[in-house]
Amino acid sequence: MKKKIQGRAFVLGNNIDTDQIIPAEHLVYSLSDPEESKNYGKFALSGVPTEASGLPQGKIPFVDEGQYQSQFKIVIGGSNFGCGSSREHAPACMEIAGVQAVVAESYARIFYRNSIDGGFFIPLESKQPLANEIKTGDQLTIDLEAYTLTNETQNKTYPLNSLGEVIDIIEAGDIFEYARKSGLIPS
Amino acid sequence: MAMTITEKILASHAGKTSVAPGDNVWVDVDVLMTHDVCGPGTIGIFKKQFGQNARVWDAEKVVIIPDHYIFTADPHANRNIDIIREFAKEQKLPYYYDVGTENYKGVCHIALAQEGHNRPGEVLFGTDSHTCTSGAFGMFSTGIGNTDAAFILGTGKLWVKVPETMRFEWTGTFPPYIMAKDILLHVIGDIGCDGATYRTMEWAGDAVYNFSMEERMTLCNMAIEAGGKNAVIEADDVTYDYLKGRTDKKGTVHHSDPDAKYCFNKTYKADELEPVVAQPHSPDNRALARECKDVKLDRSYIGSCTGGKITDFIAAAEILNGEKVKIDTYIVPATVDVEQALRTETIDGKTLAQIFEDAGARIGEPSCAACLGGPKDTFGRTHGTEVVISTTNRNFPGRMGSKQSSVYLASPYTAAASALTGYVTDPREFIPARV
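The structure presented is a predicted model; accordingly, all values stated were derived computationally and were not measured.

Summing up its helical and strand segments, chain B has 14 helices and 20 strands in all. Computed over the C-alpha atoms, the radius of gyration of chain B is 21 Å, within 12% of the 22 Å expected from 2.2 N^0.38 for a compact globule of 435 residues. Counting over 435 residues, chain B shows a buried share of 60%. In chain B, the proportion of contacts linking residues at least 24 apart, taken out of those at least 6 apart, comes to 77%.

What follows covers the overall build of chain A. A tally of regular secondary structure across chain A gives 6 helices and 7 strands. Computed over its C-alpha atoms, the radius of gyration of chain A comes to 16 Å, within 12% of the 16 Å expected for a compact globule of 187 residues. With the C-alpha coordinates of chain A rotated into their principal frame, the extents come out at 50 × 40 × 25 Å. Relative to all contacts within chain A whose residues are 6 or more apart in sequence, the contacts with residues 24 or more apart total 68%.

Moving on: the sheet that holds strand 6 (residues 140–143) of chain B. Residues and elements named next belong to chain B. Strand order in the open sheet formed by 5 strands is 4-3-2-5-6, and the pairing between neighbours is parallel. Edge positions in the sheet fall to strand 4 (95–96) and strand 6, since each has one partner strand and no second. Sitting on the sheet, helix 5 (residues 146–155) is in contact with strand 2 (31–34), strand 3 (62–64) and strand 5 (123–126), with an inclination near 135 degrees to strand 2.

Moving on, we get to helix 3 (residues 75–90) of chain B. Residues and elements named next belong to chain B. The end-to-end C-alpha separation of helix 3 is 23 Å, in line with the 22 Å expected for 16 residues at 1.5 Å each. Looking at the buried side of helix 3, the elements it contacts are helix 2 (39–50), strand 3 and strand 4. At the exit of helix 3 stands Lys92, carrying a positive phi of roughly 50 degrees.

Residue and element names in this part refer to chain B. Position of Ala353 among the secondary structure elements: in helix 13 (residues 352–359). Taking C-alpha positions, Ala353 is 5.6 Å from Arg343, a pair spaced 10 residues apart along the chain. With residues up to four places along the chain from it excluded, the contact list for Ala353 reads Leu342, Arg343 and Ile363.

A word on the packing of helix 6 (residues 180–191) of chain B against helix 8 (residues 213–221) of chain B. Residues and elements named next belong to chain B. For the pair helix 6 and helix 8, interaxial distance at closest approach is 8 Å and the crossing angle is 20 degrees. One finds that helix 6 runs roughly parallel with respect to helix 8. Of the two elements, helix 6 crosses helix 8, and the hand of that crossing is right-handed. Of the residues in helix 8, those in contact with Ala180, Lys181, Ile183 and Leu184 of helix 6 are Glu215, Thr218 and Leu219.

Looking now at unusual backbone geometry. Residue Leu55 of chain A is joined to Pro56 of chain A through a cis peptide bond whose omega torsion reads 0 degrees. Residue His281 of chain B is reached from Pro280 of chain B by a cis peptide bond, and omega for that bond is -5 degrees. Looking at the element boundaries, His281 of chain B is found in the loop between strand 12 (276–278) and strand 13 (286–288). Positioned with a positive phi, Leu45 of chain A is a non-glycine residue whose angle comes to about 60 degrees. Among the secondary structure elements, Leu45 of chain A is positioned in the loop between helix 2 (38–42) and strand 2 (72–76).

The next point concerns the interface of chain A and chain B. Opposite the 35 residues of chain A that make contact, chain B presents 42 residues. Counting residues per element, the side of chain A that touches chain B draws most heavily on helix 4 (residues 109–117) of chain A, at 4 residues. Considering only residue class, the side of chain A that touches chain B consists of 13 nonpolar, 13 polar and 9 charged.

In this section: the domain arrangement of chain B. Residue and element names in this part refer to chain B. Domains assigned within chain B are domain 1 (1–162), domain 2 (164–234 + 263–273) and domain 3 (280–426). Contacts between the two partners involve 17 residues from domain 2 and, on the opposite side, 19 residues from domain 3. If you list the elements that add at least two residues to the side of domain 2 that touches domain 3, you get helix 6 and helix 8. With 6 residues, helix 6 is the largest single contributor of residues to the side of domain 2 that touches domain 3. Of the residues contributing to the side of domain 2 that touches domain 3, the split by class is 6 nonpolar, 6 polar and 5 charged.

Now for the sheet that holds strand 9 (residues 199–204) of chain B. Residues and elements named next belong to chain B. Strand order in the open sheet made by the 4 strands is 10-9-8-11, with parallel pairing throughout. The sheet is open, and its two edges are formed by strand 10 (230–232) and strand 11 (264–269), each paired on a single side. When the angles between neighbouring strand axes are averaged without regard to direction, this sheet yields 20 degrees. By the bridge criterion, 6 bridges tie strand 8 (residues 164–171) to strand 11 in an arrangement that is parallel. Bridged to Trp170 within strand 11 is Tyr268. Strands strand 8, strand 9 and strand 10 of the sheet are contacted by helix 1 (residues 5–13), whose axis makes an angle of about 110 degrees with strand 10.

Residues and elements named next belong to chain A. Of all 5 residues in strand 2, 5 are buried, a share of seventy percent or more. The sheet contact formed by strand 2 and strand 3 (residues 101–104) spans 3 bridges and is parallel. Bridge assignment links Ile76 to a residue of strand 3, and that residue is Val103. With helix 3 (residues 89–96) bridging strand 2 and its parallel neighbour strand 3, the resulting β-α-β unit is right-handed.

All right, on to the nonpolar core then. With 196 residues, the main nonpolar core has Ala44, Ile74, Ile76 and Cys93 of chain A together with Val277, Leu320 and Tyr408 of chain B as its most contacted residues. With sequence-adjacent residues up to four places away left out, Cys93 of chain A is seen in contact with Ile21, Ile22, Tyr40, Gly41, Phe43 and Ala44 of chain A.

Quick look at helix 2 of chain B now. With 12 residues, helix 2 of chain B extends 16 Å between its outermost C-alpha atoms, agreeing within 8% with the 16 Å of an ideal straight helix rising 1.5 Å per residue. Taken across its 12 residues, helix 2 of chain B has 9 buried, putting it largely inside the fold. Among all positions in helix 2 of chain B, only Gly39, Pro40, Gly41, Thr42, Ile43, Ile45, Phe46, Gln49 and Phe50 of chain B are buried. Each element contacted by the buried residues of helix 2 of chain B is listed here: helix 6 (175–181) of chain A together with strand 2, strand 3, helix 3 and helix 5 of chain B. In the stretch just after helix 2 of chain B, Gly51 of chain B is the one whose phi turns positive, near 105 degrees.

This paragraph deals with the confidence of the model for chain B. Residues of chain B with pLDDT of at least 70 account for 99%, and the chain-wide mean is 97. Across the whole predicted complex the pTM is 0.97, and at the interface the ipTM reaches 0.97.

The next subject is the packing of helix 11 (residues 310–320) of chain B against helix 14 (residues 412–421) of chain B. All names here are of chain B. With their axes 8 Å apart at the nearest point, helix 11 and helix 14 run at an angle of 30 degrees to one another. Here helix 11 lies roughly parallel to helix 14, going by the angle between them. Seen along the crossing, helix 11 lies across helix 14 with a hand that is right-handed. For the pair helix 11 and helix 14, contact is made by Asp312, Ala315, Ala316, Ile319 and Leu320 and by Pro412, Tyr413, Ala415, Ala416, Ala417, Ala419 and Leu420, respectively. For the contact of helix 11 with helix 14, the per-class residue count stands at 11 nonpolar, no polar and 1 charged.

Rules used throughout
- Residues numbered from 1 in each chain as written.
- Chains lettered and ligands numbered in written order.
- Predicted model: local features only at pLDDT ≥ 70, side-chain atom pairs only at ≥ 80, totals over all residues.
- Helix = DSSP H or I, 4+ residues; strand = E, 2+ residues; numbered from the N terminus.
- Rg over C-alpha atoms; globule rule 2.2 N^0.38 Å.
- Buried ≥ 20, exposed ≤ 12 C-beta atoms within 10 Å, placed from the backbone.
- Contact = placed C-beta atoms within 7 Å.
- Pairing = 2+ DSSP bridges.
- Axes fitted to C-alpha atoms, helices over the stretch in contact; angles between N-to-C directions.
- Expected span 1.5 Å × (residues − 1).
- Parallel < 35°, antiparallel > 145°, perpendicular 65-115°, else oblique.
- Left-handed = near helix turned anticlockwise from the far one by under 90°.
- Nonpolar A, V, L, I, M, F, W, Y, C, P; charged D, E, K, R; others polar.
- Domains from an automatic or database assignment.
- Right-handed = clockwise from strand over helix to strand, strands pointing away.
- Core = buried A, V, L, I, M, F, W, Y, C linked by C-beta atoms within 7 Å.
- pLDDT = per-residue confidence, 0-100.

In structure tokens, the structure reads:
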């Protein structure tokens, strides 16, 4: 596991549900075919209403037209991030678009679990609301040893909750690697 | 140690005498359900992790129910059906309900119940967030992603953090114009979209036990809209009456101990509830139906695992009988069994289907249809700025297709009454005899 994650911020509000992360009409593409799965990157976060996409300004596309990867590597959310459906296409599309970490006040549990068990990216919890502090495009650094998030653009640092017991799965890579290391399934 | 129903089920499946909230345990899985949207991804991961020739841990315990994107010309969606069909054949799965055959069922959560896959005391995981519906049978059931489902396919096990339990007790008697959907929308309005995150929602009280299995399923169905891990109702005679002829397995009935610990315990008075809606764009944006009487609608939609069962259509038909709808009204039976019931159940000598057709409503084929938008040619999907009243479960932006459309969630009574006026309407205006 990397100790530091750096990238530009893409800021969203509360209750970003899985239909906003990846609208249901796109759930038809293969996740195992590397070429076809790029479609998920292309449509990642495309269901977010335009005015709420990339706060505080809004109207910022997460992925530019014709691309499948985003210039934003860290997504900042409010409470209940990833609520709604159990579709693993949601964390998967964000990974395909290049997201390395999400920092939200809280998560819906299936999305949180999928992010970790599937090894898509690291879902971190902030101790305070950050969606009003950080602006889309700000340069951020996450320190996974100190559990802090530093906004390099604004020169401010915020504490994050530690990952707790799920860190074993994150360090292993995903639930399969974790189970192999623990002897639960043959390696 | 005193335990709740959920704690007892998880303990028994983890080989322990007791568990407590917060414990991480590995449980043995009784049923894994998947469908056409998440099945292909699950199968892909299973083969990658366990090998191209790997066998599922127990073919009798895998249930595959295509239901999401069925009646569409979308080539990718149709390819996905081919993938699950091929997998079912390769693995010799006895419980694959194929599209285009007489074995096709429709919406997975209702089909699971109808086909006897929901049994008291068992553990069921499904690659769909509304898998919590099965908790109506006194079992543990919850939604998971493709990775966890692939892990189960290979091992028959999954890790679970034991949830705390919230208890919602309803005393008294619900008025005749109240449906399970009103109760849910009321409670979600109370606790919010994340009010039950990581928790169990346990429904109790005489008013709840008086409900049919279909209404109990509705009650458990939307636990996920409050963030809940699972919902549960103690199994009783109503449960076993429903199971007759559907399964030979007896299951195990668990009761919560009187001194079990709850993180939330609230008693509600059933008699006081009024018809409720969730306004756009969140299931916890509660209002009384009568408070929204000035909201002009373009469409009424009655369907889905939440509001497309036989009970739901009987309720809608009671209101629509002999009347004409003023707005586009879509009727989507959840399953083939429900569709058939539309042609056999009668009110005043007319079948439900006849009542709907005479009223000017359109009847679609059984599937998830527009509940979650879906491919562009999906029956009932929104494409513009439609304002919809719907018996479905979610109204976040874009859920029914178009980001610009607005969705009010309501009971079948309220959705049908609103179809007749073109405005959000308290159903009491149309069922005076029963009030």
